[in-house]
Structures are given as structure tokens and as C-alpha cells.
Amino acid sequence: MTQLPLPTDPDITARVTVGTYPTYAAAQRAVDHLSDSGFPVRNAAIVGTDLRLVETVLGRMTTPRAAGAGAASGAWLGVLIGLLLSLFTPEAWWLVLPVTTAAGALWGAAAAGVAHAATRGMRDFTSTRRLAAASYDVTVPAAHADDARHLLMQLAWRGY
């Protein structure tokens, strides 16, 4: 396993937090204000702290529902393959698209239904995952920290 070298450039390692914000949008707004004010934002960073994984459950997953989702995915793949094949089919090219779409839908439904049934109820729900941070720090190189703080105080006085 190869180890990455540690940063030795003082501009990268000597960073100062110039603002802490409750949301990413607020931190992004602060960096945008710095940029609009002519501040050299090239080395600025938004650092999320206290990260956690948030999984939002969307609903129950059943074998018929999995088969339906598989059919939709398979149908799209069938449409793509059908469009490509119809370019090279001189006769009855108009039949290629519906046949490949139906075949893709059947194959997708069967594959997804069997795959879900094979889990035997181990994960019978659908969800989305995202990383969330408790707060977001805006950091800049130490040499530019005072200028950044001054500009961010102006932003705070304006009330965002």
C-alpha cells in the first residue's frame, strides 16, 4: 500500500478558520462574498466538521416493486440497444425498437425480482444516503486571515 506524502507547503498546512457556519449554503455564501470582494479565494476551503451519514428511508421494497423498477431500467436499456440496432437494420427497422424494449423490460424485471427475493427480507426498504456536517468552517492561508475576517464581518453586518 502506497502512502501519500504529507503536505509541506506552508500555504497548505498553515490554515486559519475565519468563519464557522451552520449550513453549507451559508459557508458557500461567505466564500462567494470573499470572491466578489476581490479576495484571493484560490486557497480557501470549506471544511465540514462532525460528519455523519444520514440515510433517509423512502419506502418499503417488495419483490413486485423491485421487479417493476428492474423493468423500467431494462426498458431504457432496451430502447438504447434498439435505437442502435435500428440504424443497421435495412428491413423492418420499425420492429426493432419495440422488441428490444420489451425484451429489456422482461429481462430487467426478472433479474431485479430474483435478486430482491434472494435477500429474503434482509433489506426490505429503499433509501438515499448523504453526508451531513454539524458545521462548516471557512479556512484560508494564515497570511490572508485578517483580510478575510474583515470582509466576512462586512458580510455579517449586511445580514447576509
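How each quantity is defined
- Residues numbered from 1 in each chain as written.
- Predicted model: local features only at pLDDT ≥ 70, side-chain atom pairs only at ≥ 80, totals over all residues.
- Heavy atoms only, no water.
- Helix = DSSP H or I, 4+ residues; strand = E, 2+ residues; numbered from the N terminus.
- Buried < 20%, exposed > 50% of the residue type's maximum accessible area, 1.4 Å probe, protein only.
- Polar contact = N/O pair within 3.5 Å; in protein donor to acceptor, adjacent residues only side chain to side chain.
- Contact = heavy atoms within 4.5 Å.
- Core = buried A, V, L, I, M, F, W, Y, C linked by side-chain atoms within 4.5 Å.
- Expected span 1.5 Å × (residues − 1).
- Axes fitted to C-alpha atoms, helices over the stretch in contact; angles between N-to-C directions.
- Left-handed = near helix turned anticlockwise from the far one by under 90°.
- Pairing = 2+ DSSP bridges.
- Parallel < 35°, antiparallel > 145°, perpendicular 65-115°, else oblique.
- Nonpolar A, V, L, I, M, F, W, Y, C, P; charged D, E, K, R; others polar.
- Phe/Tyr/Trp six-rings, centres within 6.5 Å; stacked < 30°, edge-to-face > 60°.

> Quick rundown of the side chain of Thr139? Include the residues and the values.
Tracing the chain through its elements places Thr139 in strand E5 (residues 135-141). Assessed through its relative accessible area of 8%, Thr139 is described here as buried. Within the structure, Thr139 has its side chain in polar contact with the side chain of Arg15 (distance 3.1 Å). When residues no more than four places from it in sequence are discounted, the contact partners of Thr139 are Arg15, Val16, Thr17, Asn43, Ala44, Ala45 and Val47.

> Describe the nonpolar core, and please don't skip the residues or the numbers.
In this structure, Val18, Tyr21, Leu34, Val138 and Leu152 are the most contacted members of the largest nonpolar core, which totals 17 residues. Among the elements of the structure, strand E1 (15-21), helix H2 (24-36), E5 and helix H5 (145-158) are those that each provide at least two residues to this core.

> Account for helix H3 (residues 63-87), naming residues and giving values.
When the terminal C-alpha atoms of H3 are compared, their 36 Å separation across 25 residues agrees well with the 36 Å that a helix rising 1.5 Å per residue should span. By the burial criterion, the buried members of H3 are Ala66, Ala67, Gly70, Gly74, Ala75, Gly78, Gly82 and Ser86. As for H3, its buried residues are in contact with helix H4 (93-118).

> How would you sum up the packing of H2 against H5? Please name residues and give values.
Where H2 meets H5, the axes come as close as 10 Å, and the angle between the chain directions of the two elements is 115°. Considering the relative orientation of H2 and H5, their crossing is right-handed. Contacts from Arg29, Ala30, His33 and Leu34 of H2 reach H5 at Ala148, Leu151, Leu152, Gln154, Leu155 and Arg158.

> Break down the sheet that holds E1 for me, citing the residues and quoting the values.
By way of backbone hydrogen bonds, the strands of a sheet pair with one another, either parallel or antiparallel. A sheet is described by the order of its strands in space; here three strands give the open sequence E1-E5-E2, paired in antiparallel fashion. Strands with a single pairing partner mark the edges of an open sheet, and in this sheet they are E1 and strand E2 (45-49). Ignoring which end each strand starts from, the neighbouring axes of this sheet average 35° apart. When E1 meets E5, the two strands line up antiparallel, connected through six bridges. Within E5, the position partnered with Thr20 by the bridge is Asp137. Each of E1, E2 and E5 touches H2; the most contacted strand, E5, lies at about 25° to it. Where H5 meets the sheet, it contacts E1 and E5, and its direction lies at approximately 15° from that of E1.

> How would you sum up the packing of H3 against H4? Please name residues and give values.
Put simply, H3 and H4 touch, their axes get as near as 5 Å, and they point 150° apart. When the axes of H3 and H4 are compared, the pair comes out roughly antiparallel. Between H3 and H4 lies a crossing of right-handed hand. For the contact of H3 with H4, the class distribution of residues is 15 nonpolar, twelve polar and no charged.

> So what's going on with the packing of aromatic side chains? Which residues, and what values?
For the coordinates displayed, the defined rule picks out one aromatic pair. Between Tyr24 and Tyr136 the ring centres are 5.7 Å apart and the planes differ by 75°, which places this aromatic pair in the edge-to-face class. You can see Tyr24 sitting in helix H2 and its partner Tyr136 sitting in strand E5, a full 112 residues away along the chain.

> Before we move on, could you go through the pairing of E5 and cite the residues and values that matter?
Burial of E5 is extensive: seven of the seven residues sit out of reach of the surface. Relative to E5, E2 runs antiparallel, the two being bridged by five bridges. Residue pairing in the sheet places Thr49 in a bridge with Ser135 of E5.

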